[in-house]
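Letter by letter, the chains look like this.
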Amino acid sequence: MKILFVYPDINIRGGALSYHYGLGSLSSVLKKAGHQTALQYLYGNYNPKPLLQKIEEFKPDVIGITTVSFQYKYIKRLLKDISRYGIFTICGGPHISLAPYELEKAEYLNAICVGEGEYALLELVNALEKNEDITNIQNIWVKKDGRIYSNPSRPFVEDLDKLPFVDRELFDFQEIVYSDYDRAEFMSSRGCPYSCTYCSNSGLRKVSEGKYVRFRSVENIVAEIKDVVTRYKVKSVYLNDDVFTINKGYVEEFCKLYKEEIGYPFEINTRVENLTLEILQMLKDAGCYRIAMGLEQGDEKFRKEVLNRPMSNKKIEEAFALAKQVGLKTKTFNIVGFPFETVDIHMGTVNLNRKIQPSSIVIYIFEPYPGTPLYDVCVKNNFIETEREDEEFVSRTDTILKLPMFPRKDIIKCYRRFPWRVYGGKSFKRAFLFKLYYSKYGEFLIKMMSPFKKKIQRFAVK
Ligand code: B12
Ligand code: SF4
C-alpha cells in the first residue's frame, strides 16, 4: 500500500528544517513490510497546495499526519482541504495521543493512533490492504458508521533494538543536516523518568503498560550513527534524548565505543541530578562539546511546587560549575509565563542564569499541552483564551493564557528582555546577539542572516 506521511511544521519560529524520528520510524517499519511511503513536509505559512499536489502524484491509500498541539489547528484545516479525495486519514503523535477525544469532533478524520505507532500502523495498513476489519487494532481508534471504536493500547515497545533504523531518506536528510549547522540528530532512548507538570511525558507514560524509559543498546545506536555519518556529510552529532545520562553504566559504555567508532563532536540533553565530575569527564573525553539542561524556572519553591522539579538551585549551580571545570559548553532551557508566575518569580530565572552564565540560552513562553497537569490547572482556573491563537500566533513566542498575576504584555517583555538581563554587563557579545534573536525583529533577522548563521553561532557561543 502507499502511505503518505505529513509533517506539519507550520509557522514555527526559527524556520530551520527538522527531522522527525517518529515518522522516520513508522516509515522504516512499513517499508520493511513491503509498503511504499512518501512525505509531505509543510513549513512556512499555511499552504495546502504542496500536499494536494503530492496526493495527485503519489496517489496514497492512507494519509498519516503527526500532531503536536500547536499544529492541530492547521491539521484540522488540512483534513478539510484534502477531504475531497476520500483517502483514509489517520493522526498520531503526542497531541492526539493525549487528546484522543478530538477524533469524535474531527469530521474528516478516520482514525487516530494513541501512543507508539510502529506495529499498530503496520497492522492497520495490512488490514486495509486485505479489506479486513480495522475496528479492533490495539492503539488504533477508528471512526466508522458514526461510531468510535476506542481500542486498548499495546505495551510500549520493549526492545528498541528490534526496530529498524529510522528512515532518513523519507526526508531530504542532507538538507536538514546543512540547515542545522552540519549536525545530525539521533535518539538512543524513549521516555523520561521524570514527570514535570508542563511536559507531555507526564501523560504519555500513562498511555500504555510496560517500561516507559528504554534505551537502545550502545552497539545499536553507535551502528546507526556510523551508518548516517558515512552516508551523509555530517560534522557533529546531537543525541536528542530527553535525558541521556540517566544510567552511568550506559554513558560509560557509550563514550568508550563512540570514541573508538565515531569520534565526531557531539552534544546531549541532561538533568542536573545525573551529573557528577566522573560522568562529565567521560563525556568530554569522548568528544562531547556541549550539554543542555532545563532550568525552566529559577525560583526553587515555584519550580518544586508548580513544576514538580525538586532540584535545588545549589545543585544546579554545582552542575554547571562542574561542566565548566571539565571544559564543556553549557546551554539552559527556560520558560516564562507559567500559571501563578509573576514578574518577581521570573526574575529568579534571570538571576540563576546570570549567576551560571551558560554558553547559550533558550527561552520559550509557556504553552499548555492537553494531558499534562499544568494544562488541567489552566482549564480549572479559566486561564486559556484560545481565540488568541490566530494566524499570526507563533507557538512559544506568545501566550494563550490570561493570567491575573502575569499580564500578557509583561510575559512578552520578560521573554524579550531575558538575554540582556542574563548577559548584560557580563558578555556583551552574547547579550547583543541573543537580544537580537529574541527581539521583535528576530524572526526576520534570522531569515536575512541565514547564509551567515554558522559564523554567527560560532561567534556567539565561543
Ligand atoms: C526530538 C523532539 C523534537 C525535534 C524533532 C521533532 C520530532 N518530533 O521528532 C525538534 C527539535 C525539531 C522538535 C520540535 C518541536 N517540538 Co519537540 N520533541 C522532541 C522530543 C524530545 C522527542 C520526540 C521523539 O522523537 N520521540 C520518539 C519518537 C519515536 O516518538 P514520536 O515522535 O512521539 O512518534 C511515535 C508516536 O507518537 C506515534 N506517531 C507520531 N506521529 C504519528 C503519525 C501517525 C500517522 C501515526 C500512526 C503514529 C504517529 O508513532 C511514533 C513511533 O512510535 C519530544 C519529547 C518526547 N519525549 O516525546 C518533544 C515534543 C514532541 N516536542 C514538543 C514541541 C512542543 C515541539 C515544538 C512545537 C516546539 C516549537 N515551538 O518549536 C516543535 C514542533 C515540531 C513539529 N512540527 O512537530 C512537545 C509536544 C507537546 C505537544 N503536545 O504539543 C514534546 C512532546 C515535548 C514536550 N514539551 O512535551 N521536537
Ligand atoms: S525532565 Fe524534561 S523531558 Fe523529562 S519530564 Fe521533565 S521536561 Fe519532560
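Being a predicted model, the structure only gives us computed values, none of them experimental.

Criteria and thresholds
- Sequence order as written defines residue numbering, which begins from 1 separately in each chain.
- Chain letters and ligand numbers both follow the written order, the letters beginning at A and the numbers at 1.
- Thresholds applied to this predicted model are a pLDDT of at least 70 for local features of residues and 80 or more for the giving and counting of side-chain atom pairs; totals over whole chains, interfaces and linings are not thresholded and use all residues.
- Residue ranges for the domains originate in an automatic or database domain assignment.
- The numbering of helices and of strands both runs from the N terminus, where a helix is a DSSP run of H or I of at least 4 residues and a strand a run of E of at least 2.
- Gly counts as polar in this scheme, as do all residues outside two lists: the nonpolar Ala, Val, Leu, Ile, Met, Phe, Trp, Tyr, Cys and Pro, and the charged Asp, Glu, Lys and Arg.
- Only the contacting stretch of a helix is used when fitting its axis, a line to C-alpha atoms as for every element, and angles between N-to-C directions run 0 to 180 degrees.
- For classification purposes, an angle smaller than 35 degrees is called roughly parallel, one larger than 145 roughly antiparallel, one from 65 to 115 roughly perpendicular, and anything else oblique.
- In this scheme, a crossing is called left-handed if the near helix is turned counterclockwise away from the far one by less than a right angle; it is called right-handed if the turn is clockwise.
- We call two residues in contact when their backbone-placed C-beta atoms lie within 7 Å.
- Contact assignment follows one rule, namely that a residue is near a molecule or strand if its backbone-placed C-beta atom lies within 6 Å of it.
- Any two strands with at least two DSSP bridges between them are considered paired.
- By definition, a nonpolar core groups buried Ala, Val, Leu, Ile, Met, Phe, Trp, Tyr and Cys residues that connect through C-beta atoms lying within 7 Å of each other.
- Put plainly, a residue is buried at 20 or more neighbouring C-beta atoms within 10 Å of its own, exposed at 12 or fewer, and partly exposed in between, counting only other residues' C-beta atoms, which are placed from the backbone.
- Working rule for helices: expected span equals 1.5 Å times residues minus one.
- The arc refers to the directions leading from the helix axis to the C-beta atoms.

Under the domain assignment, the protein is made up of domain 1 (2–149) and domain 2 (181–461). It is helix 4 (residues 94–98) that provides the largest number of residues to the side of domain 1 that touches domain 2, a total of three residues. Considered class by class, the residues forming the side of domain 1 that touches domain 2 number eight nonpolar, six polar and two charged.

Moving on to the packing of helix 13 (residues 313–325) against helix 14 (residues 343–356). Where helix 13 meets helix 14, the closest approach of the two axes is 10 Å, and the angle between their N-to-C directions is 30 degrees. The orientation of helix 13 with respect to helix 14, classified from their angle, is roughly parallel. The interaxial crossing formed by helix 13 with helix 14 has right-handed handedness. Every residue of helix 14 that contacts helix 13 at Asn313, Ile316, Glu317 and Phe320 is listed here: Leu352, Lys355 and Ile356. Within the contact of helix 13 with helix 14, the residues separate by chemical class into four nonpolar, one polar and two charged.

Okay, the site of ligand 2 next. Around ligand 2 sit Cys192, Tyr194, Ser195, Cys196, Cys199, Asn201, Asp242, Val243, Arg271 and Gly294, and those are all the residues in its vicinity. Residue composition of the shell around ligand 2, grouped by class: five nonpolar, three polar and two charged.

What follows is about the site of ligand 1. In the region of ligand 1, 38 residues are neighbours, and Ser18, Gly22, Gly64, Gly92 and Gly117 sit closest. For the shell around ligand 1, the secondary structure elements donating two or more residues are strand 1 (2–10), helix 1 (21–32), strand 3 (62–66), strand 4 (88–92), helix 4 and helix 6 (118–129). Of all the elements, helix 1 adds the most residues to the shell around ligand 1, at five residues. Class assignment of the residues belonging to the shell around ligand 1 gives a composition of 15 nonpolar, 17 polar and six charged.

The next subject is the sheet that holds strand 14 (residues 329–336). Pairing in this open sheet of six strands is parallel, and the strands run 8-11-12-13-14-15 from one edge to the other. Lying at the two open borders of the sheet, with one neighbouring strand each, are strand 8 (183–186) and strand 15 (360–365). Within this sheet the neighbouring strands show an average axis-to-axis angle of 20 degrees, counted without direction. Here strand 8 runs beside strand 11 (residues 236–239); their pairing, made up of four bridges, is parallel. If you follow Phe186 over to strand 11, its bridge partner there is Leu239. Sheet strands touched by helix 14: strand 13 (288–296), strand 14 and strand 15. Its angle to strand 14, the strand with the most contacts, is close to 175 degrees.

Here we take up the nonpolar core. Ranked by size, the top nonpolar core spans 87 residues in total, and within it Phe5, Val6, Ile112, Ile140 and Leu283 carry the most contacts. Shared between two domains, this core holds at least three residues of each, these being domain 1 (2–149) and domain 2 (181–461). If we ignore the near neighbours within four places in the chain, the residues touching Ile140 are Ala111, Cys113, Ala120, Leu124 and Asn151. Core analysis: the next-biggest nonpolar cluster, separate from the first, contains 29 residues, Phe338, Ile400, Ile411 and Cys414 among them.

Before going further, it helps to examine the environment of Leu160. Within the secondary structure, Leu160 is located in the loop between strand 7 (147–150) and helix 7 (173–179). Leu160 sits 128 residues away from Lys32 along the chain, and the two C-alpha atoms are 16 Å apart. With residues up to four places along the chain from it excluded, the contact list for Leu160 reads Arg190, Arg214 and Arg216.

Here the focus is helix 10 (residues 248–261). Here helix 10 contains 14 residues, and its C-alpha end-to-end distance of 20 Å stays within 8% of the 20 Å for a straight helix at 1.5 Å per residue. Buried within helix 10 we find Val251, Phe254, Cys255 and Tyr258. Summarising the axial view, the buried residues of helix 10 lie within an arc of 100 degrees, below the 170-degree limit, and thus occupy one face. Looking at helix 10, the residues exposed on the side facing more than 90 degrees away from the buried face are Gly249 and Glu260. The inward-facing, buried residues of helix 10 contact helix 9 (218–231) and helix 11 (277–286). Gly263 sits one or two positions beyond helix 10 and adopts a positive phi of about 80 degrees.

This paragraph deals with unusual backbone geometry. The phi dihedral of Asp182 falls on the positive side, at around 60 degrees, and the residue is not glycine. Relative to the helices and strands, Asp182 is located in the loop between helix 7 and strand 8. On the basis of neighbour counts, which here come to 14 C-beta atoms within 10 Å, the residue Asp182 falls in the partly exposed class. Positive phi is not limited to glycine here, since Arg396 has a value of about 70 degrees. Relative to the assigned elements, Arg396 resides in the loop between helix 15 (373–380) and helix 16 (408–423). Overall, Arg396 belongs to the partly exposed group, with 17 C-beta atoms counted inside 10 Å.

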